[in-house]
Number of protein chains: 2
Amino acid sequence: MTGEADPEEIFRAEGGILILSATLGEETRDLFIGESGLIEYVGTAGAVRYGRDAAVTIDARRCLVLPGLVNTHTHAAMTLLRGYADDMPLPQWLTEKIWPLEARLTGEDVYRGTRLACLEMIRSGTTAFNDMYFHMEDAARAVAEAGIRATLSYGFLDMGDPGKREKEYRATEALVSHVAGLRNSRIRAAVGPHAVYTVSEEGLCWCAGYARQEGIGIHVHLSETEQEVRDCMAAHGVRPAALLDRCGCLTPRTVAAHCCWLERGECDLLAARGTAASHNPTSNMKLAVGRAMPYHWLREAGALVTLGTDGCASNNSLDMFRAMKDAALLQKFFWNQQTVLPAPEALAMATEAGAGALGIGPGRIETGAPADLILVSTHSADMTPLHHAASNLVYASTGGCVQTVICNGRVLMHERVVPGEQEVLEGAAKAARDLVERSRS
Amino acid sequence: MTGEADPEEIFRAEGGILILSATLGEETRDLFIGESGLIEYVGTAGAVRYGRDAAVTIDARRCLVLPGLVNTHTHAAMTLLRGYADDMPLPQWLTEKIWPLEARLTGEDVYRGTRLACLEMIRSGTTAFNDMYFHMEDAARAVAEAGIRATLSYGFLDMGDPGKREKEYRATEALVSHVAGLRNSRIRAAVGPHAVYTVSEEGLCWCAGYARQEGIGIHVHLSETEQEVRDCMAAHGVRPAALLDRCGCLTPRTVAAHCCWLERGECDLLAARGTAASHNPTSNMKLAVGRAMPYHWLREAGALVTLGTDGCASNNSLDMFRAMKDAALLQKFFWNQQTVLPAPEALAMATEAGAGALGIGPGRIETGAPADLILVSTHSADMTPLHHAASNLVYASTGGCVQTVICNGRVLMHERVVPGEQEVLEGAAKAARDLVERSRS
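Thresholds, definitions, all that
Residues numbered from 1 in each chain as written. Chains lettered and ligands numbered in written order. Predicted model: local features only at pLDDT ≥ 70, side-chain atom pairs only at ≥ 80, totals over all residues. Helix = DSSP H or I, 4+ residues; strand = E, 2+ residues; numbered from the N terminus. Rg over C-alpha atoms; globule rule 2.2 N^0.38 Å. Buried ≥ 20, exposed ≤ 12 C-beta atoms within 10 Å, placed from the backbone. Contact = placed C-beta atoms within 7 Å. Pairing = 2+ DSSP bridges. Axes fitted to C-alpha atoms, helices over the stretch in contact; angles between N-to-C directions. Least-squares fit on C-alpha atoms with pLDDT ≥ 70 in both. pLDDT = per-residue confidence, 0-100. Domains from an automatic or database assignment. Arc of directions from axis to C-beta. Nonpolar A, V, L, I, M, F, W, Y, C, P; charged D, E, K, R; others polar. Left-handed = near helix turned anticlockwise from the far one by under 90°. Expected span 1.5 Å × (residues − 1).

**Q** Can you help me understand the overall build of chain A in this one?
**A** A tally of regular secondary structure across chain A gives 16 helices and 16 strands. Against the globule reference of 22 Å for 441 residues, chain A gives a C-alpha radius of gyration of 21 Å, in line with a compact fold. With respect to the principal axes defined by its C-alpha atoms, chain A has extents near 65 × 50 × 40 Å. Buried residues in chain A amount to 62% of all 441 residues. Put simply, of all contacts in chain A between residues at least 6 apart along the chain, 74% involve residues at least 24 apart.

Dropping the structure here:
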């Protein structure tokens, strides 16, 4: 693939982007992206119809065009902790390594870590993500600059403490108000009750009511470990999904991450409420949670199942291509069936389902859809031969096959060049070094 | 990293390669590779001592230097079947898809598929592999041209048929004689009794005797599925490892692939015989074999545990970086412990252990070792920050981080350029298309 535009020009263009001869499914198609940030044309006469008007023309022969991937569960700024501590028992890992560092995280760190996360996501074909962390105003700044799309939630943890709960109310409201003030169509706020074991029933009810009042989504962890289920039964007399439902947290705009220990009835409940599940296979394996999300039950119930990487402390990669393969492998292995989660379904989880869960268009390449799309080279060893594109995308390729990334009609990467990459890498590396230094003093 | 040599010159150089300022563990080191194909110097005075004599100088600042990765179980030519059929029940997948295509494979196909496999391996940092397939004289031709190192075995399957067995004897002898005639130090032959369910006891005994007589290794599948164990008990009254041992197939030069269903006593037996196990986590998950190799038992017994990708029909990638992560994830998840197979052990499996199993040097960067090494860039989003190199290598990076690959003192890839790549890709793509075409007629 050769970009015929001046490299600088291509990153400046706001719409007016003509993509020629991309492979869409089994067909060769031209696409035109207008100033609206939408895909305005998908057809075979792109050069004739838009050749004169296009600010930028991209030759996409030897490329598949796909919707940008959607990562529905991460803690982006945790890139700063990538590889800081692995292979430890969970309690020791949290108390001795992760929490001491997180306690020293500043807003500037979250900005640097989120910039790095956005860079890594762009380089691996992700155009939208669902984030939960702290100092989220700084995360919003990073997302605004990076050009990617995100739904940001402040991680609400009251630990049953009324004083802490009040603070979490104010922090949640502050983020929602801050994001509204940005008036950036790429950035949305959600309410982020962390989990049933870290948020009181009162806190969960407030989160549900506030999300409803503001007309925004909810981002929550659900049934990641068996311990969480046991403790919830002991404390509340019901399993975690029922508790969330009792508090009003299961809505069509809720994303519930992990869902490893759901029973069949809980899958039906998620489906009935229209709540999306986010599968995080890599994190679940690395942290040895003991069970894989019951994908087949969720699917049979008609629930929306999406895909996430989780944060970099527990994965340690944000590459959604790798997450697609991990999902397909884990489902087959754990549920003991070679046919579970075939490649086209894994691809749909990472595109259509994710876009649906975050409410950002169809997650398909079609006229009128947001121009969130990627061009994936088929001219590489791992994509050769090309018997079935979905199989190669899910099982053979990585984010490294992505050549061009467009989000909201702007080119964020072209021929694997991301403007400003050097500064992002250096800034994050320095922030990570300084953070470890501070934690030792 | 910038190669200061003329790009053409660097690929022509036979030794005389000076690598400056690479990161080796926690230190910065220069390396000099002589015409012998060995690492002749590791130290801090490379420029002073070898600056004048070097034919080629590589600036390796911002790069980790690692031993080349060793893939101890694959069927290289099956790259041609990559993505041809996935997500199907195992019997149907084999009988309707894989076997009909394999029946039509020609020697030229195996050459083309193995060239593609070598390209993919080089691009992802693998410098040696242990292969079992058919038309292996053509595989040898591909390996000779690609510059990589390989141990090649003809897949011996007699299915209990004496006539077929005789043919397998002759085919095995022919390959061993052919490889000896090549007089290429990078290419070795091994004997390849496929598995206990496809080779008669008589055939297994012949393989063991022939390998002993020729002083070469054995490559065999062992206890991949529970069915294999059950059938072996029914037919032979012992579990598969005991049967192989009874026939003399468990030797210090044997690589046993999969080993998923080993009992503790079988782990002790492998250790006692000095036999290497090859862990193939990705294939085992994709084919839903129901159990993960008992790595902790093998390790406690003192057995050599190595790493493999398996063939491209059941993985579908030959990237050993991904296999390292899959191994670490699967072991943690299946054996329900976050501390099993930490990153440094996964790295050692893919380097030292693999080199030891194939008898190709220490698999470490040290003076006198074969110059099979790779330079991995640390200047990328997925390798940032660099708290612990082993963690990033295993959990965050992919083969795409590899910048330079040297095997036997020759540069096979530099700055991600592999000479002749285009022809290999086109040849393999055409061979795969033609093969599918033939299978339909």
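**Q** Got a minute to help me understand the sheet that holds strand β12 (residues 276-279) of chain B in this structure?
**A** Within a sheet, each strand pairs with its neighbour through backbone hydrogen bonds, oriented either parallel or antiparallel. Residue and element names in this part refer to chain B. With respect to topology, eight strands assemble into an open sheet ordered β6-β7-β8-β9-β10-β11-β12-β13, the strand pairing being parallel. The strands lining the two open edges of the sheet, one partner per strand, are β6 (69-74) and β13 (304-307). Between one strand axis and the next, the sheet turns through 25 degrees on average, direction left out of account.

**Q** Which parts of the structure should I look at to understand the relation of the copies chain B and chain A?
**A** The two copies are related by a screw motion: chain B maps onto chain A through a turn of 180 degrees and a shift of 0.0 Å along the axis, at an RMSD of 0.0 Å. Taken together, the rotation and translation relating the two chain copies correspond to the operation of a two-fold axis. Residue G400 of chain B of chain B places its C-alpha closer to the rotation axis than any other residue of that unit, at 3.3 Å. When the interface residues of chain B are mapped onto chain A, 100% of them again fall at the interface, so both copies present the same face.

**Q** Is there a simple way to think about the confidence of the model for chain A in this case?
**A** On average, chain A scores 96 in pLDDT, and the residues at 70 or more come to 98%. Confidence metrics for the complex model read pTM 0.98 and ipTM 0.97.

**Q** I would appreciate a short explanation of the sheet that holds strand β7 (residues 126-133) of chain A in the present structure.
**A** Residue and element names in this part refer to chain A. Overall, parallel pairing links the eight strands, which are arranged β6-β7-β8-β9-β10-β11-β12-β13 in an open sheet. Whereas interior strands pair on both sides, the edge strands pair on one side only; in this sheet they are β6 (69-74) and β13 (304-307). Neighbour-to-neighbour, the strand axes of the sheet open up by a mean angle of 25 degrees, direction not taken into account. Pairing geometry for strand β10 (residues 217-222) and strand β11 (residues 254-258), over five bridges, is parallel. The partner of I218 across the bridge, within β11, is T254. Packed onto the sheet, helix α7 (residues 201-214) meets β8 (149-156), β9 (187-193) and β10 and runs at close to 155 degrees relative to β9. Helix-sheet contacts for helix α14 (residues 343-358) involve β6, β7, β8, β11, β12 (276-279) and β13, and the interaxial angle to β13 is about 110 degrees.

**Q** Got a minute to help me understand the domain arrangement of chain A in this structure?
**A** Buried accessible area, meaning the area lost when the parts come together, often serves as the stated size of an interface. All names here are of chain A. Here chain A is partitioned into domain 1 (7-67 + 371-415) and domain 2 (69-358). Each of domain 1 and domain 2 has a C-alpha centre, and the two are 29 Å apart. Contacts between the two partners involve 19 residues from domain 1, matched on the other side by 22 residues from domain 2. Elements supplying a minimum of two residues to the side of domain 1 that touches domain 2: β5 (63-67), α15 (389-396), β15 (402-407) and β16 (410-413). With five residues, α15 is the single largest residue contributor to the side of domain 1 that touches domain 2.

**Q** Before we go on, may I ask you to explain unusual backbone geometry in this structure?
**A** The bulk of non-glycine residues show a negative phi, and the bulk of peptide bonds are trans. That bond from T384 of chain A to P385 of chain A is cis: its omega, -10 degrees, falls within 30 degrees of zero. Of note, P385 of chain A is situated in the loop between β14 (373-377) and α15. For N336 of chain A, which is not a glycine, the phi torsion comes out positive at approximately 60 degrees. As for its placement among the helices and strands, N336 of chain A is situated in the loop between α13 (320-334) and α14. Judged by C-beta crowding, with 11 C-beta atoms within 10 Å, N336 of chain A ranks as exposed. Phi at R62 of chain B is positive, roughly 65 degrees, even though this residue is not glycine.

**Q** Looking at this structure, I do not really get helix α10 (residues 264-273) of chain B. What am I missing?
**A** Side chains of residues three or four places apart in an α-helix project in the same direction, reflecting 3.6 residues per turn. Residues and elements named next belong to chain B. Listed in full, the buried residues belonging to α10 are E266, C267, L269 and L270. The arc that holds every buried residue of α10, seen down its axis, measures 160 degrees, which confines them to one face. The outward face of α10, more than 90 degrees from its buried face, is lined by the exposed residues R264 and G265. On the buried face of α10, the contacting elements are α9 (240-246), β11 (254-258), β12 and α12 (295-301). Positioned one or two residues after α10, G274 has a phi angle of 75 degrees, which is positive.

**Q** Looking at this structure, I do not really get the interface of chain B and chain A. What am I missing?
**A** Every contact between the two is made by 49 residues of chain B and, on the other side, 49 residues of chain A. Elements that contribute at least two residues to the side of chain B that touches chain A include exactly α4 (107-123), α11 (281-286), α13 (320-334), α15 (389-396) and α16 (421-440) of chain B. With five residues, α16 of chain B is the single largest residue contributor to the side of chain B that touches chain A. Here the residues of the side of chain B that touches chain A are counted per class, giving 23 nonpolar, 17 polar and nine charged.

**Q** Just to check I follow, could you spell out the packing of α4 of chain B against helix α5 (residues 136-146) of chain B for this structure?
**A** Two quantities define a packed helix pair, namely the angle between the helix axes and the distance between the axes. Residues and elements named next belong to chain B. Contact geometry of α4 with α5 gives a least axis separation of 8 Å together with a crossing angle of 35 degrees. Between α4 and α5 lies a crossing whose hand is right-handed. Contact residues: G107, E108, V110, Y111, T114, R115, C118 and I122 in α4; D138, A139, R141, A142, V143, E145 and A146 in α5. Split into classes, the residues belonging to the contact of α4 with α5 amount to eight nonpolar, two polar and five charged.

**Q** What am I meant to see in α16 of chain B here?
**A** Residues and elements named next belong to chain B. An ideal rise of 1.5 Å per residue puts 28 Å on 20 residues; α16 measures up with 29 Å between its terminal C-alpha atoms. Listed as buried for α16 are V424, L425, A428, A431, A432 and L435. Taken end-on, α16 shows its buried residues confined to a sector of 135 degrees, consistent with a single buried face. Every exposed residue of α16 that faces more than 90 degrees away from the buried side is listed here: Q422, E423, K430, E437 and R440. Here the buried face of α16 lies against α3 (90-103) and α4.

**Q** What is the right way to look at the pairing of strand β5 (residues 63-67) of chain B in this model?
**A** Regular strands show a simple pattern: their side chains alternate between the two faces of the sheet. Residues and elements named next belong to chain B. Of all five residues in β5, five are buried; the element is thus mostly enclosed. Across the two faces of β5 the burial is the same, with C63, V65 and P67 and L64 and L66 all buried. Here β5 runs beside strand β14 (residues 373-377); their pairing, made up of five bridges, is antiparallel. Looking across to β14, one finds that L66 is bridged to I374.

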